[in-house]
Structure formats: C-alpha cells, structure tokens
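Here is how the chains run, residue by residue.
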Amino acid sequence: MTTSAYICPICSTTLDIISSENTYRCGNRHSFDVAKEGYVNLLPVQYKHSAEPGDSKAMLNARRAFLEAGYYQPLAQAIALLVSLNASNQALRLLDVGCGEGYYLRQLRQHYPAALTIERHGMDIAKAAIAAAAKKDPTANYCVASAQRLPYADGYFDVISRVFAPSNAAELQRVLKPAGHLLLVTPGPRHLTQLKDFIYTDVKEHSETAELPTGFERLTSQRISRWITPDKEQRAALLQMTPFAWRATPENQQAIAEPETLAIETDFILTLARKQA
Ligand SMILES: C[S@@+](CC[C@H](N)C(=O)[O-])C[C@H]1O[C@@H](n2cnc3c(N)ncnc32)[C@H](O)[C@@H]1O
Ligand SMILES: [Zn+2]
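Since we're looking at a predicted model, the values are computed, not measured.

### What to know about the packing of helix α1 (residues 57-68) against helix α7 (residues 232-241)
And step 1. Where α1 meets α7, the closest approach of the two axes is 8 Å, and the angle between their N-to-C directions is 125 degrees. Looking at the two axes, α1 sits oblique to α7. Handedness of the crossing formed by α1 with α7: left-handed. Only Q234, A237, L238, Q240 and M241 of α7 make contact with α1, whose side of the interface consists of A58, M59, A62, R63, F66 and L67.

### Things to note about the pattern of salt bridges
And step 1. Tallying each qualifying case throughout the model produces 19 salt bridges.
And step 2. The partner of E37 in a salt bridge is K36, and the shortest N-O contact between them spans 3.4 Å.
And step 3. With a relative accessible area of 81%, K36 lands in the exposed category.
And step 4. For R106, the salt bridge is made with E68, and the minimal N-O distance between the two is 3.2 Å.

### Regarding the environment of A35
And step 1. Here A35 shows up in the loop between β4 (31-33) and β5 (40-41).
And step 2. The exposure class assigned to A35 is partly exposed, which follows from its relative accessible area of 22%.
And step 3. Taking the C-alpha atoms as reference, A35 lies 37 Å from A248; in sequence the two are 213 residues apart.

### Description of the domain arrangement of the protein chain
And step 1. Domain annotation of the protein chain identifies domain 1 (1-34) and domain 2 (39-275).
And step 2. Taking only C-alpha atoms into account, the centre of domain 1 sits 28 Å from that of domain 2.
And step 3. Between domain 1 and domain 2, the residue contacts involve 10 residues of the former and 17 residues of the latter.
And step 4. Across the domain 1/domain 2 interface, buried area totals approximately 1000 Å², and carbon plus sulfur atoms make up 66% of it.
And step 5. It is A5, Y6 and P9 that lose the most area in domain 1 upon contact with domain 2, and together they represent 55% of the buried surface on that side.
And step 6. At the level of elements, β1 (2-7) and β4 are the ones that each hand at least two residues to the side of domain 1 that touches domain 2.
And step 7. Tallying contributions element by element places β1 first for the side of domain 1 that touches domain 2, with three residues.

Definitions and cut-offs
- Residues numbered from 1 in each chain as written.
- Chains lettered and ligands numbered in written order.
- Predicted model: local features only at pLDDT ≥ 70, side-chain atom pairs only at ≥ 80, totals over all residues.
- Heavy atoms only, no water.
- Axes fitted to C-alpha atoms, helices over the stretch in contact; angles between N-to-C directions.
- Helix = DSSP H or I, 4+ residues; strand = E, 2+ residues; numbered from the N terminus.
- Parallel < 35°, antiparallel > 145°, perpendicular 65-115°, else oblique.
- Left-handed = near helix turned anticlockwise from the far one by under 90°.
- Contact = heavy atoms within 4.5 Å.
- Salt bridge = Lys/Arg side-chain N within 4 Å of Asp/Glu carboxyl O.
- Buried < 20%, exposed > 50% of the residue type's maximum accessible area, 1.4 Å probe, protein only.
- Domains from an automatic or database assignment.
- Buried area = accessible area lost by both parts, 1.4 Å probe.

Pasting the structure below:
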C-alpha cells in the first residue's frame, strides 16, 4: 500500500494505491478501480452534469487528427523548454489541466532533457479522451475529474499547465506548492484569423495579454506565431477544435473546405505565472 498523489473525490482524504487489487482506496473505504487503459475515474456521478461531459467524440477525433499532423509542435516544444528552464535537480511534478488526449504531455516526454526527471499527470472531464491518453502513454498518470475539484493533495505540484482549457483559480492554488508555477496557453490576437474571416463579418482580436487566475503573478510572456497550410480535411478538423465551430453554417464549412491551399495564422500566448504567497 502506497500513498498516491490523489485524494478521494468523496471525502477528500488521501487515496492509497492497493497494487494487488489495482485499486485506489481512502481511509473511509471509498475505492476507485484502475481501468484497463491505466487511468482512474475520480469523477463521482453527483459531480457529473451530463452523461458524457467535456469534449464529444467528434471533437476528440478532430483534435487528434490535427495535432498528430504536427502543426502545433512549435508550441509543444516551447512548453517543454519553459518547463525545463524552471526545473531544479529534483524530480519535477507537473499537472496538465484539461489535457484532452495528452498530446502536450507526450510531447513533454519527448522534448524534456533526459538528465532531468519529471512526474507527469493529466486530468480531463472527458472519459474517452483520458482513456486514449492513458493507453498511448503508460508512463504518465491520468485521471478523469473536474477542474472545479481537482482530486490531488494540497501542494503536490511544482508546475501546472493549462492549454486552452478551463480551470478554477482556488483549486490551482491549492494543489500547487508555495511559489509553484502556472503555465497558460491562450489564443493570441491573430490566432486563426483566416478561418474566422469565413464566419464573422467583424473579427475581434484576442488581447496580447492573457488574463491570469486570481492569486497568480505574471513572470514572463511569450508569443508564438506561425503560418500553417493545412489540407482540406485538416482545415475541417481545425475548425471543429475551435470554440466558434458551432457558429459555422454549412455554407461557411463548404467555403473553408473549397480553396486548394489556404494559409492560416496560428498565434499563441504562452504565459508563465507564479502562485502568490
Ligand atoms: C479545447 S480542449 C483542449 C485540450 C488540450 N489541452 C489540447 O490543447 O489539446 C478543452 C478540454 O477541456 C476539457 N474540459 C472541459 N471542461 C472541463 C472541466 N470542468 N474539467 C476538466 N476538463 C474540462 C474538455 O473535455 C477538453 O478536453
Ligand atoms: Zn473517501
């Protein structure tokens, strides 16, 4: 029996891993089995507001197809570099909130310096995404949970990353160590402007400064911009990944798929912040 990083989602006490039974259990005997893919579901039904919360299967498939094509790799590399620059010699504990299928956690493993050690955790409310993530990478730790109630012990993490995902400021604060780091990826002013042009008559640009959750102070901010030329299918997948996909009419979708080539700007703001005392 070993103490894990997790706390019980029902009574908030420590969860122990009972290896012989492939289960996590708290002192009050609430238990959570490890699924065959290797993740644990820590989202009790009473906190589930729909049958399949989080991104739908179609959105997951679209995101997978697009990310695996490598268009966001410069961003993934910048994340790995930033995390390693802020690492000490000790094993670093990192959580990716709303990690989806774990693309950035896998990239982190690939691009992180071999001389340093990192304990990688990912959580998301979408079970299908977590099952796929865990299956692809048994060396990372995955659970299904809500960002509103993170099932981790107080002060467990050195770094939390949040890439285009929701979070709860108080929970981020709670699970980070004192002076722990938060790494935010948010859309930059020009992000996907050429896609939005098909949908909106008046495209509004995002701010160049990301809004920080309460209780965090900005350390550095970096802008990563690239032009990409995804093919027709990849453009459809990219549209599906965006929060404005629901606004695209069938005519908009057709117009986006039509051009033989279409150059699109990607623009990210990578913000490093620190938990305030
Ligand atoms: C735009 S996607 C980003 C996924 C991933 N970070 C990436 O960039 O590929 C947003 C993710 O947040 C998840 N999500 C939405 N609400 C959530 C919540 N309350 N708690 C945890 N995850 C949530 C969705 O299931 C989805 O995987
Ligand atoms: Zn319990």
